[in-house]
Amino acid sequence: METNKPSGSKKLKHPIKFNIALNEEQKIAKEKILSSKVAFLKGAAGSGKSMLAAQIALDLLFRKDIEKVILTRPAVTAGEDIGFLPGSKDDKLAPYTASIYDNMYRLYSKEKIDKELAEGNIEVIPIGFMRGRNFSNCCVIIDESQNVTQNQLELIITRLCSGARMIFVGDTAQIDLKDKKQSGFDFMSRILSTIPGVNSICLTTNHRDPIVEEILQTLKGYN
């Protein structure tokens, strides 16, 4: 287990102990993200970028440095159309947000995460519902950001208000948009990183089976 304390955060009677420890690369990335208003977190499949974003958001929430965690990701699948989904907004988004929840459950007790969800401290919002929203005192995670178009990314980032931060998580090697050129992730991360308070961070360490890294390197030569 790992105890983490973001710089400048509130002191707690009991330390927060996460079930997964960060490696040195992730710790450095975390500090950089915590010093940012907007962060573009990049990395290949298995680099732990989504898990790191979830850990940062939960850490801030549990320390009461923020009031809420906002989760969103584009409703884009990896080449397979799952069609119409019945149910509520959360039901419809469940297939797309499952990976974020999985990371949170791995990081902390399911009981605690479910309690925060029930109390509305962790909220899921479809990207299409972003217009008109203003985000204050929260951490917004935009997972699979490589599948966010430039117009969508601009819509999301302009929702930023006082006390809020955004973490765009993505990998340009995993773009699932029919027209890959529509992705705004790499372009926006490059041009906005010149602005103070906006940072681009790349994770390189593979956290899955070592064969995954070898497979990715082999495929990269053909792609």
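Heads up: the structure comes first, above all this text.
Residues numbered from 1 in each chain as written. Predicted model: local features only at pLDDT ≥ 70, side-chain atom pairs only at ≥ 80, totals over all residues. Heavy atoms only, no water.

Q: Teacher, can you tell me more about the pairing of strand S4 (residues 68-72) here?
A: Where a strand is regular, its side chains alternate between the two sheet faces. Most of S4 is tucked away, with four of its five residues classed as buried. As defined by bridge partners, S4 adjoins strand S6 (residues 138-142) across five bridges and the pair is classed as parallel. Residue pairing across strands places Ile70 opposite Val140, the latter belonging to S6. Looking at chain direction, S4 and strand S5 (residues 122-124) are connected through three bridges and run parallel. Bridging from a neighbouring strand, Val69 pairs with Ile122 of S5. (Buried < 20%, exposed > 50% of the residue type's maximum accessible area, 1.4 Å probe, protein only. Helix = DSSP H or I, 4+ residues; strand = E, 2+ residues; numbered from the N terminus. Pairing = 2+ DSSP bridges.)

Q: So what exactly am I meant to see when it comes to the packing of helix H1 (residues 24-34) against helix H2 (residues 49-62) here?
A: How two helices sit against one another is set out by the angle between their axes and by the gap between those axes. One way to put it is that H1 packs onto H2 with a least axis distance of 11 Å and a crossing angle of 55°. One finds that H1 runs oblique with respect to H2. The crossing of H1 and H2 is right-handed. Here H1 contributes Gln26, Ala29, Lys30, Ile33 and Leu34 to the contact with H2, which in turn contributes Met51, Leu52, Gln55, Ile56, Asp59 and Leu60. (Axes fitted to C-alpha atoms, helices over the stretch in contact; angles between N-to-C directions. Parallel < 35°, antiparallel > 145°, perpendicular 65-115°, else oblique. Left-handed = near helix turned anticlockwise from the far one by under 90°. Contact = heavy atoms within 4.5 Å.)

Q: Whenever I open this one, the environment of Leu61 confuses me. Can you help?
A: If you trace the backbone, Leu61 turns up in helix H2. Since its relative accessible area comes to 7%, Leu61 is described here as buried. Between the alpha carbons of Leu61 and Asn137 there is a distance of 9.9 Å; along the sequence they are 76 residues apart.

Q: So what exactly am I meant to see when it comes to the packing of helix H5 (residues 150-157) against helix H6 (residues 185-192) here?
A: Where H5 meets H6, the closest approach of the two axes is 9 Å, and the angle between their N-to-C directions is 50°. Taken together, the axis directions place H5 and H6 in an arrangement best described as oblique. H6 is crossed by H5, and the crossing has right-handed handedness. Two secondary-structure elements touch here, H5 through Gln150, Leu153, Glu154 and Ile157 and H6 through Phe185, Phe187, Met188 and Leu192. Along the lines of polarity and charge, the residues of the contact of H5 with H6 split into six nonpolar, one polar and one charged. (Nonpolar A, V, L, I, M, F, W, Y, C, P; charged D, E, K, R; others polar.)

Q: So what exactly am I meant to see when it comes to a nonpolar patch on the surface here?
A: A cluster of nonpolar side chains, Ile211, Ile215 and Leu219, forms an exposed patch at the surface whose accessible area comes to about 260 Å². Mapped onto the fold, Leu219 is located in helix H7 (residues 210-222). A residue is classified by how much of its surface remains accessible, and Leu219, at 43% relative accessible area, is partly exposed. (Patch = residues over 30% accessible without salt bridge, like charges linked within 9 Å, V, L, I, M, F, W, Y side chains within 5 Å. Areas by Shrake-Rupley, 256 points an atom, 1.4 Å probe, with all protein chains shown as cover. Salt bridge = Lys/Arg side-chain N within 4 Å of Asp/Glu carboxyl O.)

Q: What is the right way to look at the nonpolar core in this model?
A: For soluble globular proteins, the rule of thumb is that nonpolar side chains tend to be buried together. In terms of nonpolar packing, the biggest core is built from 35 residues, with Leu71 and Met104 touching the most fellow members. For this core, the element with the most residues is H2, which contributes 10 residues. Here Met104 is in contact with Ala54, Leu58, Val69, Leu71, Ile113 and Ile122, once residues within four sequence places are set aside. The next biggest cluster of nonpolar side chains, apart from the first, holds 22 residues, and it includes Phe40, Met130, Leu155 and Val198. (Core = buried A, V, L, I, M, F, W, Y, C linked by side-chain atoms within 4.5 Å.)

Q: Could you clarify how one ought to interpret the sheet that holds S6 in this entry?
A: Whether parallel or antiparallel, the strands of a sheet pair through hydrogen bonds between backbone atoms. Spatially, six strands are ordered S5-S4-S6-S7-S3-S8 in an open sheet, and the strand pairing comes out parallel. Two strands close off the open sheet at either side, each with one partner strand: S5 and strand S8 (198-203). Within the sheet, the average angular offset between the axes of one strand and its neighbour, ignoring direction, is 20°. On top of the sheet, H1 reaches strand S3 (38-43), strand S7 (165-170) and S8; it is set at about 170° to S8, its chief contact. In the packing of H2 onto the sheet, contacts are made with S3, S4, S5, S6, S7 and S8, and the angle to S7 comes to roughly 165°.

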